[in-house]
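Below, each chain spelled out in residue letters.
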Amino acid sequence: MKQLKTFVHKFSKLIFLYILCSYGKQSDAQVIRGTVAEQSGKLPGVSLLVKENGNRTSTNLNGEFRLQGTKVGDSVTLITNYIGMQERKIRIQLHDGINDLATILLEPAEGKLNEVVINGTFLPSQRRAYAIQKNATSIMNVIASDAIGKLPDRNAAEAVQRVQGVAVARYHGEADQATVRGTPFAWTSTLLNGSRLPSSSVYGTRATVLDVVPSEMIQYVQVAKAITPDIEGDAIGGSINFITRTAPNQRQLGASLAGGYNTISKNATYNGSINYGDRFLKDKLGVMLTGAIWDRNWGADSYDLSYAQDRSINNMMLKRYMGKRKTVGLNLGLEWKFNESHRLFGRGMVNKFDDVRPVYESYVDFARSRYQYNYRYSHYETTLNGGEIGGEHQLNNKTQFHWAYSNFTSEFAINTPPTTSEDRRGLPIATFIQPIPGGLSGLSADGKKYLLQDSPDGIGQDPLYITAQPNNAAETINPNQLTLSSLSILQLNNRENDQVGQLNVTHQTSDRLKLKAGVKYRSKSKRGINSAQLVQVPDGSKPAITLSSLQTENFPNRDNFFSQLPNNQSAYIINPLTKQQLFDLYDPAVLAANGFRDASSANNQATIYHGRENVWAAYIMGEYDLTPQLKVIGGLRNEHTSLDINSNRVRTTAEGSVVEPVTANSDYNALLPMLHFKYSPHNKLNLRAAYTRTFSRANFTDLLPNERIDATGAIVSISMGNPKLKPTFSNNLDFMAEYYFEDIGILSGGVFYKDLTNVIFNDRTLTNENGTQTLLSQPKNLASASIFGLEGGINKRFNFFSGFMSGFGVEFNYTYTHSSADLPRLQGEVIVMDNISLPNQSKNLFNAILYYERNGVMVRLAGNFRGKSIETIDNTLGPGYYIWTDDNFTIDASATVNLNKHLKLFLELNNLTNEPLRTYIGDQYRPTMNEWYGQRGQAGIRWDL
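Parameters at a glance
Residues numbered from 1 in each chain as written. Predicted model: local features only at pLDDT ≥ 70, side-chain atom pairs only at ≥ 80, totals over all residues. Heavy atoms only, no water. UniProt positions renumbered as here; feature names shortened; annotations may be inferred. Helix = DSSP H or I, 4+ residues; strand = E, 2+ residues; numbered from the N terminus. Buried < 20%, exposed > 50% of the residue type's maximum accessible area, 1.4 Å probe, protein only. Contact = heavy atoms within 4.5 Å. Salt bridge = Lys/Arg side-chain N within 4 Å of Asp/Glu carboxyl O. Domains from an automatic or database assignment. Buried area = accessible area lost by both parts, 1.4 Å probe. Nonpolar A, V, L, I, M, F, W, Y, C, P; charged D, E, K, R; others polar. Phe/Tyr/Trp six-rings, centres within 6.5 Å; stacked < 30°, edge-to-face > 60°. Lys NZ or Arg CZ within 6 Å of the ring centre and 35° of its normal. Polar contact = N/O pair within 3.5 Å; in protein donor to acceptor, adjacent residues only side chain to side chain. Pairing = 2+ DSSP bridges. Patch = residues over 30% accessible without salt bridge, like charges linked within 9 Å, V, L, I, M, F, W, Y side chains within 5 Å. Areas by Shrake-Rupley, 256 points an atom, 1.4 Å probe, with all protein chains shown as cover. Core = buried A, V, L, I, M, F, W, Y, C linked by side-chain atoms within 4.5 Å.

The protein chain is annotated in an unreviewed UniProt entry as TonB-dependent receptor of Olivibacter domesticus. The UniProt entry for the protein chain carries the following text under Subcellular location (unreviewed entry): "Cell outer membrane".

Structure, rendered in structure tokens:
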């Protein structure tokens, strides 16, 4: 660690000395700079060429450019090239120093495309995105803010689900996490303005939860599939960079308001946003303010089955969610421009996602011949807050210097019930039990319930027809007979804070070579509780409490209760407790009065953790034009990680439990070489190839030094974390071809391969020492793995037609991914190897969009398909017991009509076919969950200055 700090210190000094040495030096070549724009704003990704010396560049995200001309006194021609815009040729008489062209205004191309660009609602944003993508040095896809607004995608995760090769996880109907090229979610780096976001993932993983960020906060999204050394290297799948809105060159003002409806909750929703940007004090001060709110009622019906090891059904559960969600976001961007060479910037954001969630669960417990009813009411709160300050400085004609400091915090908390102390709050669950004295029919000869396909004697039911079938028809689930058996609280709170400082220097050493170097330091603090369960149970000293004796309220929307299932489920509708009644049950005085005792496990102490992770990173890279058509980008990145983490060791014997604190630390290094080739035989075609080395840090909950020892049984059970885990590394090869149509479209295709080492899985080992058997469960670097894939896409307008038909177009992209890993598993006393695909990896992904855009009218019908993938690995029983997420195909629609230059109406519809989320164990006929969300939609109005 000390050696690395010394290296970074010396590296920073070299950069600083280089800046001092470079400052003030002038070159014979003079600098040309300016901003390129159209009537509606600045244009990123515009290609610029100095005809006389062949120097090329492209505008940045703010539409700005800088490139080398020739000698003082020369007359040169600057040529612009941009998708869908007329080419401009500008004659410049070079003078000494910086030749500032101010703003270059481009006009739409002539013909049909002119009509599309001027009157279109979607194409202008696509043009910006394709221009950025075309000129990027890395392999990436880009979407722009106004493109996000044309699809019914209300948060950051949903905004990227339609990008080629990106898959999302859905949480009760809304996307909340994203991954690139089918890798586990934690292997995709989620960035905000170039720095990785802190994570408050429920179970302590490194996957960033994105449902907290409204899509209105975003200006651009860059999905990099092969990164360059200036991008954070913890990105095996790739990186998703969300770029927030920044100060414009001219005044912007816009607002939207919409209302909607959800078919399960049968309640209204509303959505509103406002954005304002302007410049003051002779354009030195720039301001951008964006606010958004999305308030919606939501509902879901989940039909769940759980199974025993012999495939018999343990229980069937009908679970209804009926909640209220609110997403609120505020983003502020500031810029102070001293002059064209020096500016400071500041960004700040406040985001909060509230999920108030009553849940009603009716069970048939076949294994114990009883009914069970759970009621829980909780308030999930997720926040992402923070800010960044920085500066960009042009030190001389050739050297740029960038610095930034950011501080962001992400937190997830459940703060219910309010009747108990803060340290005991979480997800409260009241459980009621009702025995079935007469027993159940429809069981096999062994007395167990089966699916028909799994039954040993042909007695069973179809997966969606599972019913209780009591021998006594009068023994149905009944609030008069349901008695309170436990009051539990599940604790999942966690908080992560990142403070990041970085320095970057870019130097144009010659017309053909540009060098870039930088250092970054991140200090991450993390604390959390990973699934602690606090339990109160009756001690038998007081009479049993029945559900009917407590305060209840009417069951919500009983008329559509599991209408998706073929048989009527109304017998399982139970009026729930009121919210206040549930909370009152957890009052310590009420618990004591009703004879409840604390039955919480001492193992809860092993779920509590806190720690700090420090990362020192440095990189150097170069961009070299071998020819005007061939560019080479290469370099090296080094990241050193040091971790200190604290938790508890719990040992339980017949005499009781002993808890002791434990601390662990680890240090490791990641050296990451990268090499890219970009060949552009003409301005419509890019051929790209890349070799990159990337890595993924282990999840915090896997790194914990905690230990749970249970010596009360015949086999001693030990469950522990592993702070000595190594990161997973990947050597990546990527090839991509991109052809850009003149009418703002693209045809692309590529292949990729990843060779992975030190993949982390949970390991189980049985040992026998002096006659004592011990079963150890611990995450370990168990496997090597590989990923191979193909991807392709097209976006093409039907401009070969005339009139009405010319407004149609199609967008389609498809990604095929195959992964393979050999995972060791203990079978008896023998180790066997299971060949598996990686968790969360779907073999097939595609997006299909049919659109119409003409004369200010835009209509889009979009389908999103994610193929089946492993959700949970059972390293005890093997692949036949893995939990899979089934194929999922959702259809959404949107429409926009421009009423005039400033006003437009829009309509958004989601999940038109009410596609459920399905999971299964082993085989698709054996479901573990079918969850329906219903359809939702909203209509509204948008006004822009």
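Next comes the rest of the write-up.
1. Re the environment of Ser786
Structurally, the position occupied by Ser786 is in strand S37 (residues 772-797). The exposure class assigned to Ser786 is partly exposed, which follows from its relative accessible area of 22%. Considering only alpha carbons, one finds Ser786 and Phe185, 601 residues apart in sequence, at a separation of 16 Å. For Ser786, the contacting residues outside a window of four places in its chain are Tyr753, Lys754, Leu756, His818, Ser819 and Ser820.

2. Notes on the pattern of salt bridges
Counted according to the given criterion, the structure contains 59 salt bridges. A salt bridge links Glu915 to Arg918; the shortest N-O distance between them is 3.3 Å. Three or more residues are tied together by salt bridges with common partners; here these are Glu232, Glu496, Asp498, Lys520, Arg522, Lys524 and Lys526.

3. Focus on the domain arrangement of the protein chain
By domain assignment, the protein chain separates into domain 1 (1-21 + 30-105) and domain 2 (122-244). Roughly 1000 Å² is buried in total at the junction of domain 1 and domain 2, and carbon and sulfur atoms are behind 55% of that figure. At the junction of domain 1 with domain 2, the criterion picks out two salt bridges. The residue makeup of the side of domain 1 that touches domain 2, split by class, is six nonpolar, seven polar and two charged.

4. So, the packing of aromatic side chains
Scanning the entire structure with this criterion turns up 22 aromatic pairs. When the ring of Tyr377 is compared with that of Phe583, the centres are 5.9 Å apart and the planes differ by 80°; the resulting orientation is edge-to-face. Taken together, the residues Tyr377 in strand S21 (residues 370-394) and Phe583 in helix H6 (residues 579-585) connect sequence positions 206 residues apart. Judged by its relative accessible area of 16%, Tyr377 falls in the buried class. Centroid distance Phe798 to Phe801: 6.3 Å. Interplanar angle 75°. Geometry classified as edge-to-face. A connected cluster of aromatic rings, assembled from ring pairs, spans Tyr360, Tyr375, Phe555, Phe561 and Phe562. Taking the ring centre of Tyr380 as reference, the NZ or CZ of Arg357 above it sits at 4.1 Å.

5. Comments concerning unusual backbone geometry
Look at the link from Thr416 to Pro417: it is a cis peptide, with omega at -5°. Within the secondary structure, Pro417 is located in the loop between strand S22 (399-414) and strand S23 (427-435). In this structure, Gln469 takes a positive phi of about 55° despite not being glycine. Mapped onto the secondary structure, Gln469 falls in the loop between S23 and strand S24 (483-491). If you check the backbone angles, Ile744 has positive phi at about 65° while not being a glycine. Assignment of secondary structure puts Ile744 in the loop between strand S35 (728-741) and strand S36 (745-769). Judged by its relative accessible area of 0%, Ile744 falls in the buried class.

6. Observations regarding the side chain of Arg343
By the element assignment, Arg343 lies in strand S20 (residues 342-365). According to the relative accessible area criterion, Arg343 is buried, its value standing at 10%. Among the polar contacts listed, one links the side chain of Arg343 to the side chain of Glu64, at a separation of 2.9 Å. At 2.9 Å, the side chain of Arg343 forms a polar contact with the side chain of Glu335. Setting aside anything within four residues of it in sequence, one finds Arg343 in contact with Asn62, Glu64, Glu335, Trp336, Lys337, Phe338, Gly390, Gly391, Glu392 and His393.

7. Let's talk about the environment of Ile433
If you trace the backbone, Ile433 turns up in strand S23. On the basis of relative accessibility, which here comes to 12%, the residue Ile433 falls in the buried class. In the structure, Ile433 is positioned 70 residues away from Leu503 in sequence and 61 Å away in space, judged by C-alpha atoms. Excluding residues within four positions of it along the chain, Ile433 makes contact with Arg370, Tyr371, Gln372, Gln481, Leu482, Thr483 and Ser485.

8. Things to note about the side chain of Glu623
Here Glu623 shows up in strand S29 (residues 608-625). Residues within four places of Glu623 in sequence aside, it is in contact with Thr137, Arg512, Leu513, Lys514, Lys631, Val632 and Ile633.

9. A look at the pairing of strand S6 (residues 75-81)
Within S6, five of the seven residues are buried, which leaves it mostly tucked inside the rest of the structure. Here strand S3 (residues 47-50) pairs with S6 via four bridges, running antiparallel. Bridging across to S6, Ser47 finds its partner in Asn81.

10. Notes on the sheet that holds strand S12 (residues 188-192)
One key point about sheets: their strands pair by backbone hydrogen bonds, in either a parallel or an antiparallel sense. The five strands are arranged S9-S14-S15-S12-S13 in an open sheet whose pairing can be described as mixed. The outermost strands of the open sheet, each flanked by one partner alone, are strand S9 (139-144) and strand S13 (195-196). By the bridge criterion, five bridges tie S12 to strand S15 (residues 238-244) in an arrangement that is parallel. Pairing of Leu191 across the sheet is with Asn241, part of S15.

11. Observations concerning a nonpolar patch on the surface
Where nonpolar side chains cluster on the molecular surface, the patch consists of Leu733, Phe735, Val751, Tyr753, Phe788 and Leu790 and spans about 490 Å² of accessible area. When contributions to the nonpolar patch are tallied by element, the ones reaching two or more residues are S35, S36 and S37. Tracing the sequence through the fold places Leu790 in strand S37. Judged by relative accessible area, which is 38%, Leu790 ranks as partly exposed.

12. Topic: the nonpolar core
Counting 48 residues, the largest nonpolar core has Tyr303, Met316, Phe432, Tyr572 and Leu577 as the members making the most contacts within it. Breaking this core down by element, the ones donating at least two residues are strand S18 (285-307), strand S19 (313-337), S20, S21, S23, S24 and H6. Formed by 26 residues, the second largest nonpolar core is a distinct cluster that contains Val180, Leu192, Ile240 and Phe353.

13. Some points on the environment of Tyr881
Here Tyr881 lies in the loop between strand S42 (869-872) and strand S43 (883-885). Put simply, Tyr881 and Gly233 are 648 residues apart on the chain and 34 Å apart in space, counted from C-alpha to C-alpha. With residues up to four places along the chain from it excluded, the contact list for Tyr881 reads Ala308, Gln309, Arg311, Asp874 and Ile921. For Tyr881, the side chain forms a polar contact with the main-chain oxygen of Gln309, separated by 2.4 Å.

14. A closer look at the pairing of strand S27 (residues 532-538)
Within S27, five of the seven residues are buried, leaving the element largely enclosed by the surrounding structure. As defined by bridge partners, S24 adjoins S27 across five bridges and the pair is classed as antiparallel. Along S27, the bridge assignment pairs Gln491 with Ala532. Of the pairings in the sheet, the one linking S27 to strand S28 (residues 596-598) comprises three bridges and is antiparallel in character. Residue pairing for S28: Val537 is matched across the bridge by Arg597.

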